[in-house]
Amino acid sequence: MTNELTADEIIDALGGTSETARICQVKDPSVSEWRRNGIPRARLMFLKLARPEVFSSEGRLDPRPGRAGRQLPSSTNILDTVPEHSVVGVDPRSRA
């Protein structure tokens, strides 16, 4: 099994067709075509630089329907989702 993401998974993880089009400054039909034919190499290289978390295994975003743009929890990022003020024993005023 390969760790390569499909065009659909990448586009969904970026927030869907419209959001991917906005990021790449193209129109929605272009991104819809990428779903069928694959993301052009130059655009894929740009997306890897612009949104590296989509392509890293640690920061992989959840591509399931209705969850686009949400980071999958892992042992390294689970606490990053908790606001500091809600952690017991952490006084946000003590931060510089």
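Look above for the structure.
A few points on the structure. For every chain, the first residue of the written sequence is number 1, and numbering continues from 1 along that sequence. Totals for whole chains, interfaces and linings use every residue, but because this is a predicted model, local features are given only for residues with pLDDT of at least 70 and side-chain atom pairs only at 80 or more, for both listing and counting. Hydrogens and water molecules were not included; the side-chain quantities draw on all heavy atoms of the structure.

**A closer look at the overall build of the chain**
Here is step 1: Counting its secondary structure elements, the chain contains five helices and two strands.
Here is step 2: Numbering goes from the N terminus for both helices and strands, where a helix is a DSSP run of H or I of at least four residues and a strand is a run of E of at least two. Element order for the chain, N to C, with α for helix and β for strand: α-α-α-α-α-β-β.
Here is step 3: Here the chain holds 96 residues, and 21% of them are scored as buried.
Here is step 4: Only the protein chains shown count as cover for residues, and the accessible areas themselves come from Shrake-Rupley with a 1.4 Å probe. In the form shown here, the chain has an accessible surface area of approximately 7,100 Å², with 53% of it arising from carbon and sulfur atoms. Relative accessible area decides the class of each residue, using a 1.4 Å probe on protein chains only: under 20% of the type maximum gives buried, over 50% gives exposed, and in between gives partly exposed.

**Focus on the packing of helix 2 (residues 17-24) against helix 3 (residues 28-37)**
Here is step 1: It is at 8 Å that the axes of helix 2 and helix 3 come closest, and there the two elements cross at 110°. As summarised for this structure, helix 2 and helix 3 are arranged roughly perpendicular, according to the angle between their axes. Relative to helix 3, the crossing made by helix 2 is right-handed. On the side of helix 2, the interface is formed by Thr17, Ser18, Thr20, Ala21 and Cys24, while helix 3 contributes Asp28, Val31, Ser32, Trp34 and Arg35.
Here is step 2: Residues were grouped as follows: Ala, Val, Leu, Ile, Met, Phe, Trp, Tyr, Cys and Pro as nonpolar; Asp, Glu, Lys and Arg as charged; and all remaining residues, including Gly, as polar. Counted by class, the contact of helix 2 with helix 3 contains four nonpolar, four polar and two charged residues. Only C-alpha atoms enter the line fits that serve as axes; for helices the fit covers just the stretch in contact. Angles between N-to-C directions range over 0 to 180 degrees. Roughly parallel refers to an angle under 35 degrees, roughly antiparallel to one over 145, roughly perpendicular to one between 65 and 115, and oblique to any angle outside these ranges. By the definition used in this description, the sense in which the near helix is turned from the far one sets the handedness, with an anticlockwise turn below a right angle giving left-handed and a clockwise turn giving right-handed. Note on contacts: a residue pair qualifies if any of its non-hydrogen atoms lie within 4.5 Å across the two residues.

**Details of the pattern of salt bridges**
Here is step 1: Note on definitions: salt bridges are taken to be side-chain nitrogens of Lys or Arg within 4 Å of carboxyl oxygens of Asp or Glu. Inspection of every chain in the model, using the stated rule, returns four salt bridges.
Here is step 2: A salt bridge links Arg22 to Glu19, with the shortest nitrogen-to-oxygen separation between them at 2.6 Å. Highlighted residues: Arg22 and Glu19, both in helix 2, separated by three residues, approximately one helical turn.
Here is step 3: Residue classification places Arg22 among the exposed residues on the basis of a relative accessible area of 55%.
Here is step 4: Residue classification places Glu19 among the partly exposed residues on the basis of a relative accessible area of 26%.
Here is step 5: Taken together, the shared-partner salt bridges connect Asp8, Asp12 and Arg35 into one network.

**Concerning the nonpolar core**
Here is step 1: Definition used in this section: a nonpolar core is a set of buried Ala, Val, Leu, Ile, Met, Phe, Trp, Tyr and Cys residues joined via side-chain atoms within 4.5 Å. Of all hydrophobic cores here, the largest spans 14 residues; its most connected members are Leu14, Trp34, Ile39 and Leu47.
Here is step 2: Those elements that place two or more of their residues in this core are helix 1 (7-13), helix 2 and helix 3.
Here is step 3: When residues of this core are assigned to their parent elements, the largest contribution, four residues, is made by helix 1.
Here is step 4: Not counting residues within four places of it along the chain, the set of residues in contact with Leu14 comprises Glu19, Thr20, Ile23, Leu47, Arg51 and Val54.

**Topic: the environment of Asp12**
Here is step 1: Along the chain, Asp12 turns up in helix 1.
Here is step 2: Exposure remark for Asp12: the relative accessible area of 25% places this residue in the partly exposed category.
Here is step 3: Expressed as a C-alpha distance, the spacing of Asp12 and Val54, which sit 42 residues apart in the sequence, is 9.9 Å.

**Observations regarding unusual backbone geometry**
Here is step 1: In this structure, Gln25 is a non-glycine residue whose phi angle is positive, near 55°.
Here is step 2: Residue placement: Gln25 occurs in the loop between helix 2 and helix 3.
Here is step 3: According to the relative accessible area criterion, Gln25 is exposed, its value standing at 74%.

Functional significance is not addressed by these values, which are geometric in nature.
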